[in-house]
Amino acid sequence: MKYSLRKTPSHLHLAYKYGEAGDGLMGRHFMLEAQERVLTLTIDLTPNFHTRNKGASAYLDAVNLAHNHHKLRYLQCSDNLVRARLIRAWEQVQQPQLRMCLELGQRGRYLYAVQPHSLFMGGIQFDVEEAIGDEPGPAFEEPLLHTEGNHA
């Protein structure tokens, strides 16, 4: 069964192994799918790629996630509505296992086993226990300028 935890955008904070961090991402369409004991939280991150300004922090953080998805240590969401609805679903399942799926559109789909923690100041943190699987998208390279040939 699928539940919508939130449709509108919410700010996310990511941390990677070796001290890297990303604080500019926005997630939307927070969906929770329950299959017996396994709860899968899916977060759509594709809007971060839909910008004209390729120097924007949201775009750069999204590209960084696509390249370093295997180094993800945790994801924080400061939204109390997501937290409250997730806790409600969590309490209805005996010995639940939580997975988190990050949707990056054409740049891939990444699945993690996570452990949730409520944050003291509100929101929720998902500690990554292991990367379960990924469906990387086609490689995205920045276009190179054509430098060969004779120029007049």
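Conventions and cut-offs
Residues numbered from 1 in each chain as written. Predicted model: local features only at pLDDT ≥ 70, side-chain atom pairs only at ≥ 80, totals over all residues. Heavy atoms only, no water. Helix = DSSP H or I, 4+ residues; strand = E, 2+ residues; numbered from the N terminus. Buried < 20%, exposed > 50% of the residue type's maximum accessible area, 1.4 Å probe, protein only. Contact = heavy atoms within 4.5 Å. Areas by Shrake-Rupley, 256 points an atom, 1.4 Å probe, with all protein chains shown as cover. Phe/Tyr/Trp six-rings, centres within 6.5 Å; stacked < 30°, edge-to-face > 60°. Expected span 1.5 Å × (residues − 1). Arc of directions from axis to C-beta. Polar contact = N/O pair within 3.5 Å; in protein donor to acceptor, adjacent residues only side chain to side chain. Pairing = 2+ DSSP bridges. Salt bridge = Lys/Arg side-chain N within 4 Å of Asp/Glu carboxyl O. Core = buried A, V, L, I, M, F, W, Y, C linked by side-chain atoms within 4.5 Å.

Caption draft 1: A look at the overall build of the chain. Looking only at helices and strands, the chain has 2 helices and 8 strands in total. Helices (α) and strands (β) of the chain occur, in sequence order from the N terminus, as β-β-β-β-α-β-α-β-β-β. Evaluated residue by residue, the chain yields a buried proportion of 40% over its 152 residues. Put simply, of all contacts in the chain between residues at least 6 apart along the chain, 60% involve residues at least 24 apart. Of the roughly 9,400 Å² of accessible surface on the chain, 50% is carried by carbon and sulfur atoms.

Caption draft 2: Layout of the packing of aromatic side chains. Within the structure shown, the criterion is met by 1 aromatic pair. Both rings, one in Phe 49 and one in Tyr 59, keep their centres 6.1 Å apart while their planes meet at 90°; by these two values the pair is edge-to-face. Of this pair, Phe 49 sits in the loop between strand S4 (38–44) and helix H1 (57–68) while Tyr 59 sits in helix H1; the two residues are 10 residues apart in sequence, bridging distant segments of the chain. Looking at Tyr 59, the relative accessible area reads 8%, which means it is buried.

Caption draft 3: Structural view of helix H2 (residues 80–91). Taking 1.5 Å per residue as the helical rise, H2 with its 12 residues ought to reach 16 Å, and the 16 Å between its terminal C-alpha atoms agrees with that figure. Within H2, the full set of buried residues consists of Val 82, Leu 86 and Ala 89. Down the axis of H2, the buried side of the element spans an arc of 60°, and every buried residue falls inside it. Regarding H2, its N-cap is Asp 79, as a side-chain oxygen of that residue lies 2.8 Å from the backbone nitrogen of Leu 81 further along.

Caption draft 4: Representation of the pairing of strand S2 (residues 10–16). Counting buried positions along S2 yields 6 of 7 residues, so the element is predominantly enclosed. Here S2 hands over to strand S3 (residues 21–35) after 4 residues, with Tyr 18 in that stretch at a positive phi of 70°. Pairing geometry for S2 and strand S5 (residues 72–77), over 5 bridges, is antiparallel. Paired with His 13 across the two strands is Gln 76, which belongs to S5.

Caption draft 5: Highlighting the pattern of salt bridges. Summed over the entire model, instances satisfying the criterion amount to 4 salt bridges. A salt bridge links Asp 44 to Arg 28; the shortest N-O distance between them is 3.0 Å. Placement of Asp 44 in strand S4 and of Arg 28 in strand S3 is noted, with a sequence separation of 16 residues between them. Its relative accessible area of 13% is what places Asp 44 among the buried residues. Residue classification places Arg 28 among the partly exposed positions, given a relative accessible area of 27%. Salt-bridge contacts for Glu 103 lead to Arg 109; the nearest nitrogen and oxygen are separated by 2.7 Å. Given a relative accessible area of 23%, Glu 103 falls into the partly exposed group. Residue Arg 109 is classed as partly exposed on the basis of its relative accessible area, which comes to 35%.

Caption draft 6: Fine view of the nonpolar core. Within the largest apolar cluster, 34 residues are counted, with the highest numbers of intra-cluster contacts made by Leu 12, Ile 43, Met 100, Leu 102 and Phe 126. Sequence-distant contacts of Met 100, that is, excluding residues within four places in its chain, are made with Leu 41, Ile 43, Leu 72, Leu 75, Tyr 110, Leu 111, Tyr 112, Val 114, Phe 126 and Val 128.

Caption draft 7: Structural context of unusual backbone geometry. In this structure, Tyr 18 is a non-glycine residue whose phi angle is positive, near 70°. As for its position among the elements, Tyr 18 is in the loop between S2 and S3. Note on Tyr 18: relative accessible area 72%, which makes it exposed. For Gln 95, which is not a glycine, the phi torsion comes out positive at approximately 50°. By the element assignment, Gln 95 lies in the loop between H2 and strand S6 (97–103).

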